[in-house]
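The residues making up each chain are set out below.
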Amino acid sequence: MEMGKAANYENELATELRLGLLGTDHHEPEKQSFPSSLVIKSNKRSSSEMDYNSSDKCDQDCAPPPKAQVVGWPPVRSYRRNALQQQKKTESDVSGMYVKVSMDGAPYLRKIDLRVYKNYPELLKALEVMFKCTIGVYSEREGYNGSDYAPTYEDKDGDWMLVGDVPWNMFVSSCRRLRIMKESEAKGLGCL
Amino acid sequence: MCVFQSTINYFPEEVLEHVFDFLSSHRDRNAVSLVCKSWCRVERFSREKVFVGNCYAVSPERLLSTFPRVRSLTLKGKPHFADFNLVPPDWGGYLHPWIDAMVKARANLEELRLKRMVLSDDTLDLLAHSFPSFKSLVLVSCEGFTTDGLAAIAANCRSLRELDLQENEVEDRRGQWLSCFPDSCTSLVSLNFACLKGEVNLAALERLVARCPNLRSLRLNHAVPLDALQRILAQAPHLVDLGTGSFVHDPDSETYHKLKNAIQNCTSIRSLSGFLEVASRCLPSIYPLCSSLTSLNLSYAPGIYSNELVNLIRHCKKLERLWILDTIGDKGLGVVASTCKELQELRVFPFDPHGVGYTAVTEEGLVAVSAGCPKLNSILYFCQQMTNAALITVAKNCPNFIRFRLCTLNPTVPDAVTQLPLDEGFGAIVQSCKGLKRLSVSGLLTDQVFLYIGMYAEQLEMLSIAFAGESDKGMLYVLNGCKKLKKLEIRDSPFGDVALLADMGKYETMRSLWMSSCEVTLEACKKLAMKIPRLNVEIINENEQMEASTDDKQKVEKMYLYRTLVGPRKDAPAFVWTL
């Protein structure tokens, strides 16, 4: 079988491939309404910049680019989609919300069940007892300024956040692991 | 020929009827009824099982007058893409007129199998009260009813053998529908309520199981805990098909121990599913079942992680059908390939369709399975990436595919190695698999792939296309080449009027055509509707401007056309415009 129009394809690929009808001339998505099947949802970038096939050469530190969501793709029955989403929530209800906790300088990690605590002060108290450290009091402006350690957590998107900024329930459902940072690290200061 | 004619007419009709009894497939019966008038008559009056692939192709009244002795009816409603939210709600596909007509005609309905239809509790109630011999209700991907409707069925269908609910959206009314099975109901053979979201009366369930000695298939929902499962299995060791509910318990407990014993006694189980909630430490209890399993569905069990999944599969040497999530990974599929030598059907579903940060399966897994499982004939594979080389290898390894559905998570992803379109890969599949009946393509594709499909896919009956092709030529290759094509569904592809109108008569040989977000104009749709009166050409128009405007050149967002004997349907909602 012949290989087909390989050369043309490479040219086509060199131009930006985007979510749209193949063979259309314009390179910018039109300002008028998209066909209803192309609902592009992006929580981090404006949709006009969204490039479906571009491989952003992120190094490991950046979060992977969010995928554009096309209505009905991948073609999974809505019953199945809903059921799996439902289960992801239930899983955490049933088995507890165990997350790893690391502390800078400690030889090994610990695990705690976030469901056991009702609010931030309880959690922080428990961490202080577990790691024998002082974390101090949270303030929106200063964070945990003044104390030796700052509690941080990795959220669903892979970003490291300061514990305390968001409402408790939101924190519990998005927290994947905790890290108690030494205050010096948290401020970005090296050893003096 | 004359001699033959008179000889065959010498047989009394009862003999012909008896001969036709051996024909179970509706296609064979359709063929038989075309032979001559007397055969047609005999066949019509003796047909008990009727299959209606599109509920709008024929009217209930007409069906009943053609097949007055119908006892088993299969009906399909909404177009396939409705499963993926491409069809607005209230589009149609209502069951009620069918039940109504059957009641009026005093049909002796015993079995009803529905797919993508809409039915209300009232309809279920009417059904339950109208057919004393009603035995079997199978609902797949249906909606519009609640557990109250199920209660009506349970309470009134005295001879009920089968109640099978697969992936339906059922509103939970917190009624005690299971308790509505009277004590006199002892005839159940199959009960599947896995898709129900609400609580069930466990005591009623256990009593029901205990009094139905013929129960062979039981699929529970997530609200049935492990201890109830243990008691149920103790009462029903003859089960052949089991779907567990919640599978979470302390493996050191008495209950878990009893479960293990109960499972040891269930030597007939060949099909296993469920695990809607699961604690992996409880999984070893089902290992004794694995060596005789022929069917395993873990596609709703995201709680079973890769290692445990693989451990489980290693025990399943007789598996013929496997449905799993892509969390199994390529390595896991390698284990499938080396263990499941009898495998015929594999479906790998995406765990998180829009997930970021986990690797789904790739072409490697597919190649491994194709190499290890020589009997593989049906595949549905959602994957991160694919290559032509892999597809060519798969085609060589498995020439027996009947169904081949590939869905790349990114719909226009090119060959992961060469960056070329996947034309050659799919071309190899259609050339090698001479018996291919169903094909779904995805990834970066040009018109070339359709040239191959038109050239080689001689047995193809259903084709699904998304984000593919470059010009009308693509669609034309398919329409001209695939002589047995019955269903064609296309979305987001640059096919337009030239392709649509090239062979208008073709659509009378097909069940239906769906085109959305393509290049087809209103003018072309109107032309087609006028030229071929036995087609319903429906335009789905969600913003109401279309009818008002006189611009025939505007593109049609969603078009669904199908052949029909009964003209435009009368139940179309405002947003559906039949041309």
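Owing to the predicted nature of the structure, the values given are computational and were not obtained by experimental measurement.

(A) A look at the overall build of chain B. When helices and strands are tallied, chain B shows 22 helices and 25 strands. Relative to the compact-globule value of 25 Å for 579 residues, chain B shows a C-alpha radius of gyration of 25 Å, a close match. A principal-axis box enclosing the C-alpha atoms of chain B has dimensions of 70 × 65 × 60 Å. Across the 579 residues in chain B, those meeting the buried criterion constitute 59%. Taking the intrachain contacts of chain B between residues at least 6 apart in sequence as the baseline, contacts between residues at least 24 apart amount to 71%.

(B) Fine view of the overall build of chain A. Looking only at helices and strands, chain A has five helices and five strands in total. Ordering the α and β elements of chain A from the N terminus gives α-α-β-β-α-β-β-α-β-α. The contacts of chain A with a sequence gap of at least 6 include a subset with a gap of at least 24, amounting to 46%. When the accessible surface of chain A is summed, it comes to about 12300 Å², and 50% of that surface belongs to carbon and sulfur atoms.

(C) Quick look at unusual backbone geometry. The amide bond that connects W73 of chain A to the next residue, P74 of chain A, takes the cis arrangement and shows omega of -5°. Here P74 of chain A shows up in the loop between α1 (6-14) and α2 (78-95). For R106 of chain B, which is not glycine, the phi dihedral falls at a positive 55°. Considering the arrangement of structural elements, one finds R106 of chain B in the loop between α6 (96-104) and β3 (111-115).

(D) Structural view of the confidence of the model for chain A. Overall, the prediction assigns chain A a mean pLDDT of 66, with 55% of residues at 70 or greater. Across residues 1-67 of chain A the pLDDT falls below 50, and counting only partners more than four positions away or on other chains, this stretch makes 98 contacts in the model.

(E) Fine view of the nonpolar core. Ranked by internal contacts, the top residues of the largest apolar core, which has 186 residues, are F193, F404, I453 and L500 of chain B. Dropping the residues within four chain positions of it, F193 of chain B is found in contact with L165, W177, L178, V200, L205, R219, L220, N221 and V224 of chain B. Core analysis: the next-biggest nonpolar cluster, separate from the first, contains 25 residues, V101, M103, I135 and Y149 of chain A among them.

(F) Spotlight on the packing of helix α16 (residues 388-397) of chain B against helix α17 (residues 423-432) of chain B. Residues and elements named next belong to chain B. Between α16 and α17, the least distance of the axes is 7 Å, while the angle of their chain directions is 5°. Judged by the inter-axis angle, α16 sits roughly parallel to α17. In contact with N388, L391, I392, V394 and A395 of α16, α17 contributes D423, E424, G425, F426, A428, I429 and S432. In terms of residue class, the contact of α16 with α17 is built from seven nonpolar, three polar and two charged.

(G) Representation of helix α18 (residues 447-456) of chain B within the structure. Residue and element names in this part refer to chain B. A large share of α18 lies buried, amounting to seven of its ten residues. Of all the residues in α18, the buried ones are D447, Q448, V449, F450, Y452, I453 and G454. Here the buried face of α18 lies against α17, β19 (438-440), β20 (462-466) and α19 (472-481).

(H) How the structure looks around the environment of L479 of chain B. Residues and elements named next belong to chain B. Relative to the helices and strands, L479 is located in helix α19. Looking at L479, the relative accessible area reads 3%, which means it is buried. For the pair L479 and Y507, spaced 28 residues apart in sequence, the C-alpha to C-alpha distance is 9.2 Å.

(I) Local environment of the sheet that holds strand β2 (residues 110-113) of chain A. Residue and element names in this part refer to chain A. Across the sheet, which stays open at both edges, the five strands sit in the order β2-β1-β5-β3-β4 with mixed pairing between neighbours. Only two strands of the sheet have a single partner each, and these edge strands are β2 and β4 (160-162). Across the sheet, the mean angle separating the axes of adjacent strands is 35° when strand polarity is ignored. Pairing of strand β3 (residues 149-154) with β4 involves three bridges; the strand directions are antiparallel.

(J) Representation of the pairing of strand β2 (residues 72-76) of chain B within the structure. All names here are of chain B. Counting buried residues along β2, four of its five residues qualify, which places the element largely inside the surrounding structure. Crossover strand β1 (residues 49-52) to β2 through helix α5 (residues 60-66) is right-handed. With five bridges connecting them, β2 and β3 associate as parallel partners. Its bridge partner lying in β3, K76 is registered against K115. At this point the chain moves from β2, through α6, to the parallel β3, and the crossover so formed is right-handed.

(K) The packing of aromatic side chains, seen in detail. One pass over the structure, following the stated rule, counts 23 aromatic pairs over all chains. Judged by centre distance (5.4 Å) and plane angle (45°), the ring pair of Y560 of chain B and Y562 of chain B falls under tilted. In textbook terms, an aromatic cluster arises when at least three aromatic residues are bridged by ring pairs, as seen for Y56, F81, F84, W91, W514, Y560 and Y562 of chain B. The ring centre of F349 of chain B lies 3.6 Å from the NZ or CZ of R80 of chain A, which sits over that ring. It is R569 of chain B that lies over the ring of Y56 of chain B; its NZ or CZ is 4.5 Å from the centre.

(L) Main features of the side chain of S190 of chain B. Residues and elements named next belong to chain B. Mapped onto the fold, S190 is located in strand β8 (residues 190-192). Under the relative-accessibility criterion, S190 is labelled buried at 10%. In contact with S190, other than residues within four places in its own chain, are R161, E162, L163, L215 and S217.

(M) Quick look at the state of the cysteines. Following the criterion strictly, the structure yields zero disulfides over all chains and no others. Counting only cysteine sulfurs, C133 of chain A is the nearest neighbor of C175 of chain A, a cysteine outside any disulfide, at a range of 16 Å. In this model C340 of chain B remains outside any disulfide bridge; the closest cysteine sulfur is found in C373 of chain B, 6.3 Å from its own. C340 of chain B gets classed as buried once you look at its relative accessible area, which sits at 0%.

(N) Spatial organisation of helix α4 (residues 37-46) of chain B. Among all positions of α4 of chain B, only S38, W39, V42, E43 and S46 of chain B are buried. In an axial view of α4 of chain B, the angular spread of the buried residues amounts to 130°, which keeps them on one side of the axis.

(O) Structural detail: the pairing of strand β5 (residues 177-182) of chain A. The pairing of strand β1 (residues 98-103) of chain A with β5 of chain A spans four bridges and is parallel. Looking at the pairing, S102 of chain A lines up with R179 of chain A of β5 of chain A.

(P) Geometry of the environment of F134 of chain B. Mapped onto the secondary structure, F134 of chain B falls in the loop between α7 (121-130) and β4 (136-140). Measuring from C-alpha to C-alpha, the distance between F134 of chain B and I379 of chain B comes to 35 Å, with 245 residues separating the pair along the chain.

(Q) Structural detail: the confidence of the model for chain B. Here chain B averages 92 in pLDDT, and 96% of its residues register 70 or above. The complex model carries a pTM of 0.78, and its ipTM stands at 0.87.

Quick notes on the rules
Residues numbered from 1 in each chain as written. Chains lettered and ligands numbered in written order. Predicted model: local features only at pLDDT ≥ 70, side-chain atom pairs only at ≥ 80, totals over all residues. Heavy atoms only, no water. Helix = DSSP H or I, 4+ residues; strand = E, 2+ residues; numbered from the N terminus. Rg over C-alpha atoms; globule rule 2.2 N^0.38 Å. Buried < 20%, exposed > 50% of the residue type's maximum accessible area, 1.4 Å probe, protein only. Contact = heavy atoms within 4.5 Å. Areas by Shrake-Rupley, 256 points an atom, 1.4 Å probe, with all protein chains shown as cover. pLDDT = per-residue confidence, 0-100. Core = buried A, V, L, I, M, F, W, Y, C linked by side-chain atoms within 4.5 Å. Axes fitted to C-alpha atoms, helices over the stretch in contact; angles between N-to-C directions. Parallel < 35°, antiparallel > 145°, perpendicular 65-115°, else oblique. Nonpolar A, V, L, I, M, F, W, Y, C, P; charged D, E, K, R; others polar. Pairing = 2+ DSSP bridges. Right-handed = clockwise from strand over helix to strand, strands pointing away. Phe/Tyr/Trp six-rings, centres within 6.5 Å; stacked < 30°, edge-to-face > 60°. Lys NZ or Arg CZ within 6 Å of the ring centre and 35° of its normal. Disulfide = S-S within 2.5 Å. Arc of directions from axis to C-beta.

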